[in-house]
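Spelled out, the chains give:
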Amino acid sequence: MNKNLNRRSRFSSIGATILGGSILLPMAAYAQLEEVVVTAQKREESVQTVPIAMTAVSANGLEKAGISGTDELSMVIPNLQYSRQISSATPFIRGVGTKNSSAGEESSVSTYVDGVYYSSMVASVMEFNNIERVEVLRGPQGTLFGRNATGGLIHVITKNPAFEPSAKISVGAGSYDSFNTGFYGTVGLSERIAADVSLLVKKRDEGYGTNRFNGRDRVGEEDRSLRSKLLFDVDDKTSIVMSALYADRESDVGIARQPAKGTVATGGGVYTGDFQDINSDWEPIVDSAQRVATFQLTHAFESVELIATSAYSELDAFTLLDQDSGPSHVVNFVVNERSKQLSQEFQFNSTGDGALKWTAGLFFMSAESKNAPTQTTSANPAFNINMDTAQETTSYAAYAQGTYDLSDATALTLGLRWTMDEREFSGKTTSIASGAPINPALPVLKDDESWEEPTWRLAIDHQLNEEMLVFASYSRGFKSGVYNTLPVFGALPEPVDPEILDSYEVGFKGDFLDNSLRVNGSVFYYEFDNLQMQQILGGAIFLFNVGDSEMQGAEIESTYFVTSNLDVNVSASYLDTEYTDFQNGPVISPDTSDNIGNMVTTNSDLSGYELTRAPKYTYSVSTNYRHDVGIGELSLNLAYYYNDGFFWEPDNRTKQDSYDVLNAEVALTEHEDKWKVRVFARNLLDTEYSYYSQQSSFGDFVSAAPPKTFGISAEYSF
């Protein structure tokens, strides 16, 4: 095992549990927690010695909890709200996230795959294709990861090739005429070269509801993903991993929507009477394709390890959105987004045995996102508009972090990052019919801006005894300013200012009862300056900053092996948020003088209101029971999640009511893991809750989360 795991190892012989994936130790009378290595500080460490609030979940644990992709991660991650809005991922951690999803925007919760940053919010929506684990870090990660991670980050780690040949094939089917198949194979091509290939195809032919406008099913869903890696062990000190990924997705989840109950939208649209149905004159859909290539070189010098990571990605996304979400042709959006990204990182890790462990690095990213073009269409020719716009981003960063052992039990961590971001906006807004600029005074739009900001992390941790670690930290996160790339009215957009978040946190991590019980917890307080927000008026997006906000809360997670056959996982979170300075905040409300769906937009002092997507309470409980039945192990798994509800918009008028989700699974696994058969149910209570909701000048709209589904799958390993 990596020598970096040895720091204060006398206090932590057992590392971290991956939820639902703990192993049984045959020499004990009961089960014990599994050792798991994470890379939250860009080096291999036991999660129980990392002074960061985080959760790691294995592929097995995700499967048992009913999680097949990023959409469902809220089931097992405290204080995480994850959903889709239009075509994009919209994760919120501890009330911090990004709603705007136009081209060039980046989330306040960063997504990484195998150490590579995904700037595209569309690309951040993914099905898990033979992954190893997911790590979710809560709070600003402004030093080591840094790139826009004010709220935290989600890191997906995929499998690396192995020299021992092995393969697994899976097939499944379920409700709504769904089918899936997968394959993973790895083999050694020589003594020093290994390769793998991973394939996933998921298809659902039947829509979750009906489009009342044409009487047909809503669009189904199809996800396809092909990934391959090549591992070169050049010598005992040097290795190279190259990977290539192709993934595409076609779906209406997160974009099919209808007016909220009891409301009337512009054009006369109303609630259909069925939560999953819509009544749209256009069939909403997202069709995206992503291509990623990476190259990672690792070389061990005498006391320093170098990791050089290069990555290039492209994304094409086509989206049809009915803005008024009704049968009338008021305003619809046709989005053609094209994005490409190049990144390079050089990371250096100390590998010596001294009291100081350090990491330092350089990061560069060049990205371009464009509308090529994006159109608004309407029965009113004046609103038939082309937006040919682009946003180019260039980012430079240098960082360093060191952890010094003040004693065998106490360590001090100091980290610093400097970031410079340059944004350039260009394009034009023209009439579809004539090609003339919408704003003759500005036929061509062009602007640029840059920002520099230091971010840091200061932490101290102390191992009280062999069972418990306590820590305290102060850190700062930074998300750069950004342009709105959809200037419907042809005006030159002003970039919003950067977000700055200061976090103060104390926490503990403990393994008790001879490593059969784990309890981790944290308490935090945030000060948030210049929170970036979005408002939609007349089909146009406007970005603005909120003055000041505050958040405070707590989280606790526990895993307990009651017996060798039964483990119970419980997590809970509390969150209290408030805009402390929000002058002239947007308020959108129905026009009570008519009944045809018009909305009135005013401004008011929203100081004291709650932040969006920030439920006060959430908790989850999962149980895993195992029993030997002769031909194999029978396992029964239940996963329950409760959300207290939250506000969708800053004026706190529209709200997601409290809801709960129950997933269940029964699996039979052959003793040597040669085969497995699973029967599962998702959202067993058939709870009706929204993936996202939106207030705009056209009305109040809701987009339904998936309903109750059932399925069966089988896999065979050889």
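What you are looking at is a predicted structure, and each value in this text was computed from that prediction instead of being measured. (Residues numbered from 1 in each chain as written. Predicted model: local features only at pLDDT ≥ 70, side-chain atom pairs only at ≥ 80, totals over all residues. Heavy atoms only, no water.)

**Q** Help me understand the side chain of Ser124, please; the structure alone is not making it clear to me.
**A** On the secondary structure map, Ser124 appears in the loop between β10 (116-118) and β11 (131-138). At a separation of 3.5 Å, a polar atom in the side chain of Ser124 contacts the side chain of Thr111. Apart from the residues lying within four places of it in its own chain, the contact partners of Ser124 are Thr70, Tyr82, Ala89, Thr111 and Tyr118. (Helix = DSSP H or I, 4+ residues; strand = E, 2+ residues; numbered from the N terminus. Polar contact = N/O pair within 3.5 Å; in protein donor to acceptor, adjacent residues only side chain to side chain. Contact = heavy atoms within 4.5 Å.)

**Q** What exactly am I supposed to notice about the confidence of the model for the protein here?
**A** Note that predicted coordinates carrying low pLDDT should not be read in detail. When pLDDT is averaged along the protein, the result is 91; 94% of the residues meet or exceed 70. This stretch, residues 1-30, has a pLDDT under 50; its non-local contacts, to residues over four places away or in other chains, come to 104 contacts. (pLDDT = per-residue confidence, 0-100.)

**Q** I keep staring at the sheet that holds β10 and nothing clicks. Help me out?
**A** Backbone hydrogen bonds are what pair the strands of a sheet, in a parallel or an antiparallel way. The 5 strands lie next to each other as β3-β11-β12-β9-β10, forming an open sheet whose pairing is mixed. Here the strands that pair on one side only, and so sit at the sheet edges, are β3 (54-58) and β10. The sheet shows a mean angle of 20° between the axes of neighbouring strands, taken without regard to direction. Where β11 and strand β12 (residues 152-158) come together, 7 bridges link them in antiparallel fashion. Residue pairing in the sheet places Leu137 in a bridge with Leu153 of β12. (Pairing = 2+ DSSP bridges. Axes fitted to C-alpha atoms, helices over the stretch in contact; angles between N-to-C directions.)

**Q** Can you help me understand unusual backbone geometry in this one?
**A** Negative phi characterises most residues that are not glycine, and trans characterises most peptide bonds. Put simply, Ala372 and Pro373 share a cis peptide bond, and its omega is -20°. For Pro373, the location among the structural elements is in strand β24 (residues 356-377). In this model, Lys42 sits at a positive phi of 60°, which is unusual for a non-glycine residue. In this fold, Lys42 is placed in the loop between β1 (37-38) and β2 (45-46). Here Lys42 falls in the buried class, since its relative accessible area comes to 10%. Even without being glycine, Asp673 reaches a positive phi, approximately 60°. Here Asp673 lies in the loop between β39 (659-670) and β40 (675-682). (Buried < 20%, exposed > 50% of the residue type's maximum accessible area, 1.4 Å probe, protein only.)

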